[in-house]
Amino acid sequence: MTHPWFLGEATPRILAHRGFVPSDSENVAENSVAALAAGRATGTLYLESDCHLTADGDVVLFHDDDLRRVTGDPRRVADIRTRELTDIMSTRGGLAVLPDVLQAFPDARFNLDVKADAVAHQVGTLVAREAHRVLLTSFSDRRREVALAAARSQGGEPATSAGARTLAGVLAALAARLPRLAARRLDGVDALQIPERHRGIPILSRRLLDLAHARGIEVHVWTVNDPDAMTRLIGVGVDGIVTDRADLGAAARAKSL
């Protein structure tokens, strides 16, 4: 049965990577409330973001584990109180606290990357009641599974995409020409979210696409900002594009329909 996360619109899907920061916007940081709102304003239904835990135990949307790149502050998110982080982000588009943004964007679908061990259980618990519109992912399959278990313990069943261990197993089985083993390693996932290449090595392939689609699993490619590349990938059959340029993604999607 198709998870409700995928029923919001027909493929191809555009996932607004960390929201969307328009080039003419001043003082709007990625993953901020303003960036999420800008992503939705392009017509993009799917908002991709990342989860960390503050010193107060609040789940906030932040990619890095420290503030250096976004604010110049070298401190870790986990060492800062939520109130102070709110003040810091007040001139950068507003701090996105997970329960608040779930409420603020009631029609959006969220693609949430669990970035730290400490946040996994709480993310799962918080999204349980909104599980129909949440996909949980992580590079760490263990973190992903902890978050899923927490959601399920509260009666929720989010969608999920494969972590690095699962993906490596699928790719290894395909390389060994063991399609049945590759298919079994996809059990329990709804999507593969992958780069087209990693360190020059192709990840996306016709065999991977065909295997995933035969299992009812979508393939989303990240992070694609060139409109020609978007059009090419949509043309070969990928189901979603993760992009910093949700505006260009929305245009590429409209062109393909």
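Along every chain, residues carry numbers that run from 1 in the direction the sequence is written. Note on the predicted model: pLDDT of at least 70 is required for a residue's local features to be given, and 80 or more for side-chain atom pairs to be given and counted; whole-chain, interface and lining totals, by contrast, use all residues. Neither water nor hydrogens contribute to the side-chain values; these are computed over all heavy atoms in the structure.

Undergrad: It is not clear to me how the pattern of salt bridges should be interpreted in this structure. Could you clarify?
TA: Side chains bearing opposite charge may pair, as long as their charged atoms lie close to each other. By salt bridge we mean one thing: a side-chain nitrogen of Lys or Arg within 4 Å of a carboxyl oxygen of Asp or Glu. This structure, assessed with the given rule, holds 21 salt bridges. Its salt-bridge partner being R253, residue E9 comes within 3.7 Å of it at the nearest N-O pair. Separated by 244 residues along the polypeptide, E9 in the segment before strand 1 (13–17) and R253 in helix 11 (residues 246–256) bring together distant segments of the chain. By the criteria applied, helices consist of DSSP H or I runs no shorter than four residues and strands consist of E runs no shorter than two, each listed in order from the N terminus.

Undergrad: Looking at this structure, how should I read the nonpolar core?
TA: Most often, soluble globular proteins keep nonpolar side chains buried together rather than apart. Only buried residues count toward a nonpolar core, which is a set of Ala, Val, Leu, Ile, Met, Phe, Trp, Tyr and Cys residues joined through side-chain atoms within 4.5 Å. Think of it in three bands: with a 1.4 Å probe and only protein chains considered, a residue is buried below 20% of the maximum accessible area for its type, exposed above 50%, and partly exposed in between. In this structure, L192, I194, L204 and I241 are the most contacted members of the largest nonpolar core, which totals 29 residues. Counting residues per element, the ones that place at least two in this core are helix 7 (164–175), helix 8 (179–184), strand 7 (191–195), helix 9 (206–214), strand 10 (218–222) and helix 10 (227–236). Here I194 is in contact with L167, I203, L204, L208, V219, H220, V221 and W222, once residues within four sequence places are set aside. Residues L98, L112, A120 and V127 belong to the second largest nonpolar core, which totals 27 residues. In this description, contact between two residues means that some pair of their heavy atoms is separated by no more than 4.5 Å.

Undergrad: In this structure, what is going on with helix 5 (residues 117–127)? I would like to understand it.
TA: An α-helix turns once every 3.6 residues. As a result, residues three or four positions apart point the same way. Listing the buried residues of helix 5 in full gives V119, A120, V123, G124 and V127. The arc that holds every buried residue of helix 5, seen down its axis, measures 135°, which confines them to one face. In the core, the buried residues of helix 5 are packed alongside strand 2 (46–53), strand 3 (59–61), helix 4 (98–104), strand 4 (109–114), strand 5 (134–137) and helix 6 (141–153). Here, the arc refers to the directions that run from the helix axis to the C-beta atoms.

Undergrad: Looking at this model, I keep getting lost on helix 1 (residues 33–41). Mind explaining?
TA: Within the sequence span of helix 1, burial applies to A35, L36, A38 and G39. Buried residues of helix 1 fall within an arc of 160° about the axis and therefore sit on the same side. Where the residues of helix 1 are buried, they touch strand 1, strand 2, strand 3 and helix 4. A positive phi of about 95° marks G43, the residue just after helix 1.

Undergrad: I tried to follow the packing of helix 6 against helix 7 on my own but got confused; where do I start?
TA: Packed helix pairs are specified by the crossing angle of their axes together with the interaxial distance, meaning the distance between the axes. Interaxial distance between helix 6 and helix 7 falls to 7 Å at its minimum, and their mutual angle equals 120°. It follows from the interaxial angle that helix 6 and helix 7 lie oblique. On helix 7, the residues that touch D141, R142, R144 and E145 of helix 6 are A164, R165 and T166. Of the residues belonging to the contact of helix 6 with helix 7, the class tally is one nonpolar, one polar and five charged. To define axes, lines are fitted to C-alpha atoms, for helices over the stretch in contact only, and angles between the resulting N-to-C directions are given on a 0 to 180 degree scale. To sort the angles, those under 35 degrees are grouped as roughly parallel, those over 145 as roughly antiparallel, those from 65 to 115 as roughly perpendicular, and the leftovers as oblique. The residue classification treats Ala, Val, Leu, Ile, Met, Phe, Trp, Tyr, Cys and Pro as nonpolar and Asp, Glu, Lys and Arg as charged. All others, Gly included, are polar.

Undergrad: I keep staring at the pairing of strand 2 and nothing clicks. Help me out?
TA: Along any regular strand, the residues point their side chains to alternate faces of the sheet. With eight of eight residues buried, strand 2 lies mostly within the body of the structure. Along strand 2, one buried face is formed by Y46, E48, D50 and H52 and the opposite face, lined by L47, S49, C51 and L53, is buried too. Strand pairing is assigned whenever DSSP identifies at least 2 bridges connecting the two strands. By the bridge criterion, three bridges tie strand 1 to strand 2 in an arrangement that is parallel. Directly across from A16, in strand 2, lies its bridge partner L47. Note: strand 2 against strand 3, three bridges, orientation antiparallel.

Undergrad: Quick question: what am I supposed to make of the environment of G94 here?
TA: By the secondary structure assignment, G94 is in the loop between helix 3 (82–89) and helix 4. Dropping the residues within four chain positions of it, G94 is found in contact with S32, V33 and M89.

Undergrad: When you look at the environment of G216 in this model, what are you seeing that I'm missing?
TA: Relative to the assigned elements, G216 resides in the loop between helix 9 and strand 10. Judged by its relative accessible area of 62%, G216 is exposed. Expressed as a C-alpha distance, the spacing of G216 and A229, which sit 13 residues apart in the sequence, is 24 Å.

Undergrad: Which parts of the structure should I look at to understand the packing of aromatic side chains?
TA: The way to describe two aromatic rings as a pair is by their centre distance and the angle between their planes. For this analysis, a ring pair means two rings from Phe, Tyr or Trp (six-membered ring only for Trp) whose centres lie within 6.5 Å, classed as stacked if their planes differ by under 30 degrees, edge-to-face if by over 60, and tilted for the remaining angles. Counted by the stated rule, this structure contains three aromatic pairs. Measuring from centroid to centroid gives 4.5 Å for W5 and Y46, while their planes differ by 55°, and the two rings are tilted. In this pair, W5 is assigned in the segment before strand 1 and Y46 in strand 2, connecting sequence segments 41 residues apart. Relative accessible area serves as the criterion here: at 0%, W5 is assigned to the buried category. What makes Y46 buried here is its relative accessible area of 0%. Here F139 and W222 contribute two aromatic rings whose centre-to-centre distance is 6.2 Å and whose plane-to-plane angle is 80°, an arrangement assigned as edge-to-face. You can see F139 sitting in the loop between strand 5 and helix 6 and its partner W222 sitting in strand 10, a full 83 residues away along the chain. Here W222 falls in the partly exposed class, since its relative accessible area comes to 31%.

By themselves, these observations are geometric and do not establish any function.
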